[in-house]
Amino acid sequence: MSWRDWTNHGIESQFNPRLAVGDEAESWLNGWAEESLRRQAELVGDFDIAYGPHKLMRFDHATGDVAMPVIINIHGGYWRALDKSAMMHHMADLAGAGFGIVNVNYPLCPEVTLTEIMACLNDGIEAIVPHVDAKTQPRRLILMGHSAGAHMAMHLSHHPALKDRLSGVVALSGIYETSVVCELSVNADVRLSAYEADRWDCLKQMPASGPSYYISAGGAEPSGWIDQSWIMAEALLRRGDDVHFHIAGGAHHFSLVDWLCDGDNPEGAKLHRWMAGR
């Protein structure tokens, strides 16, 4: 079902995850912040490494087991909110399972445009790959993103530094048809133009061929939002890509990330096995 079918039928509640989750969203995000502070010490590595002049052009890196892939994580927040620090406990879960992790920050709207964010993250990948390689031998790389981060991970799959290195893309509860943003209240901050909406639409500018794709959404999310993940997965399948599509029953937009990063959760165990096998 296209997002356009929701234009006169509660489009904001379908495509604004904080509104969809309701009052619980704020307490959930506060919980992320508290849990990340509590567990940051579990991560051993390099923190706030600069990849550009802006104060948010920074990344963290923990090496992990050299036999395991390195996950490059792009946080969500509709390109206008949140910070890599909110996902420290997710990174601790992944690092505890042996994965190398890179947790990336980037400048946010409305200070910058989506086009400028993508330029910053491309600079980030350019810096991240040699940094990771300098710590160990070259390893398999996986891009992972949540929400808007899933959208950006799809586009970053084309980065030349990832050629022949990117084994997988993990897209958690992503937004892929960017034109819908022009119809939402979040666009007061994102300021997405019609040109940018077309330029950064993942269905019009498809991600790279070659990597495997793990696309997931929560079963408790609005049907319009879930359809974004299915539409993206279907487009990749039609092209002939290797795609694993999974709905985590009962998960909402934020609990999905907790479940899938935790290898002790049955939903997370599936993703961990998938990533380890890339």
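Our subject is the structure listed above.
Since the model is a prediction, treat every value here as computed from it, not as a measurement.

Asks: How would you explain unusual backbone geometry if you had to name every residue and give the values?
Replies: At the junction of C109 and P110, the peptide bond is cis and its omega measures out at 5° in the coordinates. Not every positive phi belongs to a glycine, and D48 is a case in point at roughly 55°. Here D48 shows up in strand β1 (residues 46-50). Unlike most non-glycine residues, W79 shows phi in positive territory, near 65°. Take W79: it is sitting in the loop between β3 (70-74) and α4 (88-96). According to the relative accessible area criterion, W79 is buried, its value standing at 0%.

Asks: How would you sum up the packing of helix α5 (residues 114-135) against helix α6 (residues 148-156)? Please name residues and give values.
Replies: Where α5 meets α6, the closest approach of the two axes is 11 Å, and the angle between their N-to-C directions is 60°. Here α5 lies oblique to α6, going by the angle between them. In this structure, α5 meets α6 at a crossing whose hand is right-handed. The segment α5 lies against α6, with L114, I117, M118, L121, N122 and I125 engaging H151, M152, H155 and L156.

Asks: Describe the pairing of strand β7 (residues 212-218), naming the residues involved and giving the relevant values.
Replies: For β7, the tally of buried residues reaches seven of seven residues, placing the bulk of the element in the interior. Note that strand β6 (residues 166-172) and β7 share five bridges and pair parallel. Counted as the bridge partner of A171 is I215 from β7. Relative to strand β8 (residues 243-248), β7 runs parallel, the two sharing six bridges. When the sheet's bridge partners are listed, Y213 is paired in β8 with V243.

Asks: Please provide a residue-by-residue account of the environment of G249, values included.
Replies: Summarising the element assignment, G249 is placed in the loop between β8 and α10 (255-261). Residue G249 is classed as exposed on the basis of its relative accessible area, which comes to 53%. Spatially, the C-alpha atoms of G249 and H155 are 27 Å apart, while their sequence positions differ by 94 residues.

How each quantity is defined
Residues numbered from 1 in each chain as written. Predicted model: local features only at pLDDT ≥ 70, side-chain atom pairs only at ≥ 80, totals over all residues. Heavy atoms only, no water. Helix = DSSP H or I, 4+ residues; strand = E, 2+ residues; numbered from the N terminus. Buried < 20%, exposed > 50% of the residue type's maximum accessible area, 1.4 Å probe, protein only. Axes fitted to C-alpha atoms, helices over the stretch in contact; angles between N-to-C directions. Parallel < 35°, antiparallel > 145°, perpendicular 65-115°, else oblique. Left-handed = near helix turned anticlockwise from the far one by under 90°. Contact = heavy atoms within 4.5 Å. Pairing = 2+ DSSP bridges.

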